Structure formats: structure tokens, C-alpha cells
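# Architecture and fold: a report
Below are the chains, spelled out letter by letter.
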Amino acid sequence: MFKIMRNFGDYLKQKRTEAELTQENLAEMMSVSQNAVQNWESGRTRIMKNRLTKLAECLKIEFDKLEAAYNDDGEDYPDFPSFMFSDEQNETISSLHLTPEHKELIMLLKIYNAENWDRRSNKPRYWYEWIMLSLRKIPYKYTESKGVYRVYEMGLQVDKFFKYVPADFCFEMIRNSPDTDFDIRKLNKKDILKWMDYRVFNSNNSKTPYEHHIEYSTYSSIARSISSFKEDIIRNDYSNSGFRFNDIYAECGITERVYNSQNKTYNVRLTEKGSLFQEWCRDIVW
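These notes cover the structure that comes with them.

### Comments concerning the nonpolar core
If you look at the biggest cluster of nonpolar residues, it comprises 54 residues, and the most contacted ones within it are Phe162, Phe169, Trp195, Met196, Ile226, Ile254 and Phe277. Residue assignment for this core shows that the elements contributing at least two residues are α7 (100-112), α10 (148-164), α11 (167-176), α12 (189-196), α13 (218-225), β7 (265-270) and α15 (272-281). Here this core takes 6 residues from α10, the largest share from any one element. Among the nonpolar cores identified, the runner-up in size contains 20 residues, and Met30, Trp40, Leu52 and Leu55 belong to it.

### Structural notes on the packing of α7 against α11
Between two packed helices, the angle of one axis relative to the other and the distance separating the axes together describe the packing. Packing of α7 against α11 brings their axes to within 11 Å, and their N-to-C directions diverge by 120°. The angle between the axes of α7 and α11 places the two elements in the oblique class. Every pair of crossing elements has a handedness; the one defined by α7 and α11 is left-handed. Judged by residue contacts, Lys103, Ile106, Met107 and Lys110 of α7 engage Cys170, Phe171 and Ile174 from α11.

### Topic: the pairing of β7
For β7, the tally of buried residues reaches 5 of 6 residues, placing the bulk of the element in the interior. Pairing between strand β6 (residues 255-260) and β7: 6 bridges, direction antiparallel. If you follow Arg257 over to β7, its bridge partner there is Val268.

### Quick look at the pattern of salt bridges
Under the definition given, this model contains 13 salt bridges. Lys163 serves as the salt-bridge partner of Asp159, at 3.2 Å between the closest nitrogen and oxygen. With a gap of 4 residues between them, Asp159 and Lys163 both fall in helix α10, about one helical turn apart. Linking Arg282 and Glu279 is a salt bridge whose minimum nitrogen-to-oxygen distance equals 2.9 Å. The network of salt bridges with common partners includes Glu101, Glu104, Lys146 and Arg150.

### What to know about helix α5 (residues 63-71)
Looking only at α5, the buried set comprises Leu66, Ala69 and Tyr70. End-on view of α5: buried residues confined to an arc of 100°, all on one side of the axis. Residues of α5 that are exposed and angled more than 90 degrees away from the buried face: Asp64 and Lys65.

Calculation criteria
- Residues numbered from 1 in each chain as written.
- Predicted model: local features only at pLDDT ≥ 70, side-chain atom pairs only at ≥ 80, totals over all residues.
- Heavy atoms only, no water.
- Core = buried A, V, L, I, M, F, W, Y, C linked by side-chain atoms within 4.5 Å.
- Buried < 20%, exposed > 50% of the residue type's maximum accessible area, 1.4 Å probe, protein only.
- Helix = DSSP H or I, 4+ residues; strand = E, 2+ residues; numbered from the N terminus.
- Axes fitted to C-alpha atoms, helices over the stretch in contact; angles between N-to-C directions.
- Parallel < 35°, antiparallel > 145°, perpendicular 65-115°, else oblique.
- Left-handed = near helix turned anticlockwise from the far one by under 90°.
- Contact = heavy atoms within 4.5 Å.
- Pairing = 2+ DSSP bridges.
- Salt bridge = Lys/Arg side-chain N within 4 Å of Asp/Glu carboxyl O.
- Arc of directions from axis to C-beta.

Okay, structure coming up:
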């Protein structure tokens with residue numbers, strides 16, 4: 001599971017109290033949910049670094065002191081673009097953690113459910129579907145050695161994990177490093193982009209594993225081309241090929257269109273998120 005980081009959370013709670021703000025007050029000022037503030041203070045999730053300036057303003061404290069407290073506490077994931085996701089999504093991402101013990105269970109699930117036939121649909125069922133049902137095919141010696149409750153808890157974690165990390169992608173990462181912990185935020189940038197291409201947060205958070213598929217490598221493609229992105233001026237003509245090209249960027253929150261009523265044109269420019277993503281992509285070697 002994810003690491004509990006209480007020191008900064010306690011510091012944040014202290015400064016919020018000194019500022020005579022409730023969690024609800026701070027949440028409203030930061031444009032996040034009250035639950036997000038609760039998680040920051042409890043240490044369950046870590047506030048994104050690019051929000052610290054706003055947080056310092058809300059708490060009426062010096063930014064340098066807040067940043068120092070932030071940097072002294074907990075793990076940092078310099079290669080993970082947390083700014084691309086909401087606080088709620090980052091909270092989910094922070095729980096997507098596998099230990100070598102989880103990886104061993106995944107391998108057993110793959111081995112013992114490789115030819116699992118679904119009688120209702122009369123077709124094979126993928127090994128990563130219905131994890132909790134698939135546990136029953138694992139040899140009892142494994143369950144006995146680990147303990148029933150431990151295997152059950154690991155099964156729940158793996159089941160949740162596959163809702164946000166496609167099984168084939170996960171299996172590739174396991175084969176590359178079977179004896180280390182797996183954390184999306186610790187991957188190199190190219191592998192992070194591979195995961196982002198699946199867009200698991202695109203519509204809702206309840207997608208089942210076998211619904212994950214890549215229609216096109218959205219974020220990988222954007223990462224390759226964004227370094228040369230320049231503000232684009234588009235005539236009010238929706239057949240313009242440039243508009244369709246930038247529409248992919250807009251869908252991902254990378255660009256925005258600003259209408260110029262005087263010239264009746266749209267200026268397509270990078271959003272704040274887009275500028276951060278452009279900077280994040282600069283050192284990727286293709």
C-alpha cells in the first residue's frame with residue numbers, strides 16, 4: 001500500500017488551524033474537495049507541488065517555509081506528471097502499488113487461469129478477469145502458506161490495480177523487474193506515457209480490465225511533438241486540418257482555444273497543464 005506521510009500533514013493541519021480555517025474553508029479556497037484536504041493532512045495523499053504557491057497564499061505563510069517542509073517529508077516522484085491528474089485521481093494512483101508478493105500472485109493467476117472457459121458466453125475468459133473468482137484455482141498450498149486472509153486482501157488489491165493498470169502492461173513490467181515494488185509513479189517517462197495512453201480515467205473509474213485498449217497512442221504522440229508546438233491561429237473554419245490536429249490536444253487538456261472577436265479567429269495555445277507537460281517532455285530521448 002502507499003506510504004503514510006504524517007509530518008507534512010501535521011504541519012499543514014497546524015498552519016491551517018493557525019490561519020483559523022476549517023478544512024472546508026481551505027478546500028473551497030484551493031478549489032478541491034474537502035476530502036482532498038483531509039487526505040493531505042492525514043498523509044494518505046500528497047498535494048501536488050505546483051499547488052504549493054496557492055496553498056501558501058491561503059495559509060498566509062512564506063512559500064519558502066512551506067516548500068521546505070514539503071521537501072523534507074515523504075517520497076518524491078520527479079518523473080511522474082501528477083499535474084496531469086486531479087487530486088482525486090492522484091489519490092487513486094498513489095494506491096496503485098504492488099509488492100513482489102503481489103507480483104507472485106499475479107503470475108500464479110496467469111498460470112492457473114490461462115485457459116479459463118466462460119460457459120455463459122461460450123468463449124475463453126482472460127486470466128485477469130474476475131480476480132476473486134480466479135483465486136480458487138490457485139493451489140491450496142500457496143493459500144495455506146500465506147494465510148487465507150492475506151491471499152484475500154492481496155486479491156482485492158490486484159483486482160483494484162487491474163482497473164487502472166491494464167494487465168498486459170502490468171505483466172510486461174513484472175517480467176522486467178519481478179523482485180521490486182511496482183509503482184506507476186516510479187516508472188521512467190516512456191513507460192509512464194505508455195500507461196497514460198490507455199487513458200483509464202477518460203470516462204469513469206469503474207472500467208473493468210478487459211475494456212482497456214489503445215485506439216491511438218495519444219500522450220506518446222503529443223509528447224513527441226509538443227516540443228515544437230507554437231501558438232496557432234485558426235480561422236473560423238471547422239474543416240481546417242490544423243483544428244482537427246489540435247483537437248486531440250484540447251481533449252487531453254493540453255491546449256485551449258481563445259476566441260478573438262475582432263479578427264473572428266481562434267488562438268490555440270497551451271494551457272497551464274500543457275506548459276508543464278511540454279517542460280516535462282523536454283528530456284525524453286526518443
